Each structure stands twice: as structure tokens, then as C-alpha cells.
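A look at the structure
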Amino acid sequence: MDYIREEVPFFQDLSNDEFTKLMSKSKYSTFEAGSVIMKQGKPGKTFYIIDDGEVEISVKGAFEDPLTTPSGYLGAVVNRLKKRNYFGERSLITGEPRAASIRATEKTRCFTFNIDDIPHSSVLSGKSNATQERLNQINDKYAIDYYNINLIEKQ
């Protein structure tokens with residue numbers, strides 16, 4: 001569990017007391033293969049760190065026809081995350097709805113953190129601002145520019 005403090009950038013600046021309190025409020029959740037953990041367009045309240053397993057990030061594009069697209073279709077797979085990766089941060093930081101859907105590709109275990117339990121000193125709380133560099137990294141992870149129709153209209 002030491003890797004959480006060392007490898008997750010959002011937790012590195014927390015005091016020891018803040019980190020200990022946050023970990024005591026975290027939950028350990030298991031998702032079976034095929035389970036949808038997050039859905040694009042829904043509000044975000046939880047941050048996830050993968051302790052074991054794998055998930056795929058899927059994004060629905062602007063040109064997909066809702067009448068002909070199957071109801072279970074989550075979009076094109078734009079990324080895969082494994083052990084020690086994290087997801088759910090973009091919505092917490094920006095306050096915007098989820099930018100992507102996340103599905104477990106195998107049995108996956110995650111530490112989960114509710115936004116209300118995250119210290120205000122962390123950018124994940126939504127109470128402090130992320131740097132533009134951090135926002136760009138997050139947007140790349142979820143392929144935001146690739147599926148942003150506004151960029152197509154500007155070209």
C-alpha cells in the first residue's frame with residue numbers, strides 16, 4: 001500500500017495525518033470482468049486506484065448515432081490501465097461529468113475514495129486548481145481532444 005503515497009501524484013503533498021485519515025475512509029472494491037465501473041456523462045464522486053486487475057477506458061464519439069448504437073456500447077477503447085494506475089480524477093478536478101466509461105476487463109480490485117473524504121489541500125477535492133500541465137495530461141489519458149467535436153468545427 002506504500003505505492004499509493006509514493007506513486008499517486010495527488011497524494012504526495014498530503015501531510016501524514018491527512019493521508020492516514022484518507023486511507024482509513026477509503027473502501028476496497030472488487031469488480032468482476034465486464035463490470036462497468038464508471039459511465040461517460042455521469043457526475044463523478046469517486047477516485048479509483050487499481051490494486052489488482054485491468055480496466056479499459058472507452059469514449060463515445062460525437063458522430064455516433066444513438067438510434068443505431070447498441071445500448072451496451074461504451075465507445076472506442078482509448079486506453080487500458082493496470083495495477084497501480086488510477087482513474088476518475090478528471091471529473092473530480094474539473095467538476096465536469098465523466099469524460100469516459102471504464103469497464104473491468106478482468107477481475108479488478110480498487111481502492112476507492114469519495115470526493116467528500118479527500119482533503120481540501122488535494123486537487124482531487126475540487127477545492128484547489130490543477131495546473132494546465134496536469135489538465136493536459138489528464139485530457140490525453142481520456143482522449144478528450146480526439147473526441148471533441150468543437151475542435152473539428154474550428155479546423
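Given the structure is predicted, the values throughout are model-derived calculations rather than measurements.

Secondary structure summary: the protein chain contains 5 helices and 8 strands in total. Listing each helix as α and each strand as β along the protein chain from the N terminus yields α-α-β-β-β-β-β-β-α-β-β-α-α. At 16 Å, the protein chain has a C-alpha radius of gyration in line with the 15 Å of a compact globule built from 155 residues. For the protein chain, the residues scored as buried account for 41% of the 155 residues in total. Partitioning the contacts of the protein chain with sequence separation of at least 6, the portion at a separation of at least 24 is 79%. Element-wise, carbon and sulfur atoms account for 45% of the exposed surface of the protein chain, whose accessible area totals about 8800 Å². Treating the 21 positive side-chain charges of the protein chain as one cloud and the 22 negative ones as another, the clouds have centres 5 Å apart.

It is worth spelling out empty space enclosed by the protein at this point. Applying the stated criterion across every chain, the model contains 1 cavity of 30 Å³ or more. Estimated volume of the largest cavity: approximately 50 Å³. Taken together, Met38, Gly88, Glu89, Arg90, Ser91, Arg98, Ala99, Ala100 and Tyr142 make up the lining of the largest cavity. Broken down by element, the residue count for the lining of the largest cavity peaks at 3 residues, all from helix α3 (residues 89-94). Each residue belonging to the lining of the largest cavity can be placed in one class, and the counts come to 4 nonpolar, 2 polar and 3 charged.

Attention shifts here to the layout of surface pockets. Size it by volume and the largest pocket reaches roughly 230 Å³. Classifying every residue of the lining of the largest pocket by side-chain character gives 5 nonpolar, 5 polar and 3 charged.

The strands making up a sheet are joined through hydrogen bonds of the backbone, oriented either antiparallel or parallel. Taken in spatial order, the 4 strands line up as β2-β7-β4-β5 in an open sheet, and their pairing is antiparallel. Only two strands of the sheet have a single partner each, and these edge strands are β2 (36-38) and β5 (76-82). For this sheet, the mean inter-axis angle between neighbouring strands, taken without regard to orientation, is 30°.

The next subject is the confidence of the model for the protein chain. In this model, the protein chain carries a mean pLDDT of 86, and residues with pLDDT of at least 70 account for 92%. No element of the protein chain has a lower mean pLDDT than helix α5 (residues 149-154), which averages 40, and none a higher one than strand β1 (residues 27-31), which averages 98. Below a pLDDT of 50 lies the segment residues 146-155, which in the model reaches 10 contacts outside its immediate sequence neighbourhood of four places, other chains included.

Turning our attention to the pairing of strand β4 (residues 54-59). Each regular strand displays side chains that alternate between the two surfaces of the sheet. Among the 6 residues of β4, 6 are classified as buried, and the element is accordingly described as predominantly covered. Across the two faces of β4 the burial is the same, with Glu54, Glu56 and Ser58 and Val55, Ile57 and Val59 all buried. Here 6 bridges tie β4 to β5, and the two strands are oriented antiparallel to one another. Looking at β5, one finds that Glu54 is bridged to Lys82. Across 4 bridges, β4 lies against strand β7 (residues 101-104) in antiparallel orientation. Within the sheet, the bridge partner assigned to Val55 lies in β7 and is Ala104.

This paragraph deals with the packing of aromatic side chains. Scanning the entire structure with this criterion turns up 10 aromatic pairs. On the basis of an interplanar angle of 50° and a centroid distance of 5.7 Å, the ring pair of Phe47 and Tyr86 is categorised as tilted. With Phe47 in strand β3 (residues 46-52) and Tyr86 in strand β6 (residues 86-87), the pair connects residues that are 39 residues apart, well separated along the chain. Judged on exposure class, the residue Phe47 and its partner Tyr86 are both buried.

Rules behind the numbers
- Residues numbered from 1 in each chain as written.
- Predicted model: local features only at pLDDT ≥ 70, side-chain atom pairs only at ≥ 80, totals over all residues.
- Heavy atoms only, no water.
- Helix = DSSP H or I, 4+ residues; strand = E, 2+ residues; numbered from the N terminus.
- Rg over C-alpha atoms; globule rule 2.2 N^0.38 Å.
- Buried < 20%, exposed > 50% of the residue type's maximum accessible area, 1.4 Å probe, protein only.
- Contact = heavy atoms within 4.5 Å.
- Areas by Shrake-Rupley, 256 points an atom, 1.4 Å probe, with all protein chains shown as cover.
- Lys, Arg positive; Asp, Glu negative; His and termini not counted.
- Charge placed at Lys NZ, Arg CZ, Asp CG, Glu CD.
- 1 Å grid on protein atoms, 1.4 Å probe; cavity = no way out; pocket = protein on both sides within 12 Å on 5 of 7 lines; lining within 4 Å.
- Points joined across faces, edges and corners; volume = space filled by probe spheres on them.
- Nonpolar A, V, L, I, M, F, W, Y, C, P; charged D, E, K, R; others polar.
- Pairing = 2+ DSSP bridges.
- Axes fitted to C-alpha atoms, helices over the stretch in contact; angles between N-to-C directions.
- pLDDT = per-residue confidence, 0-100.
- Phe/Tyr/Trp six-rings, centres within 6.5 Å; stacked < 30°, edge-to-face > 60°.

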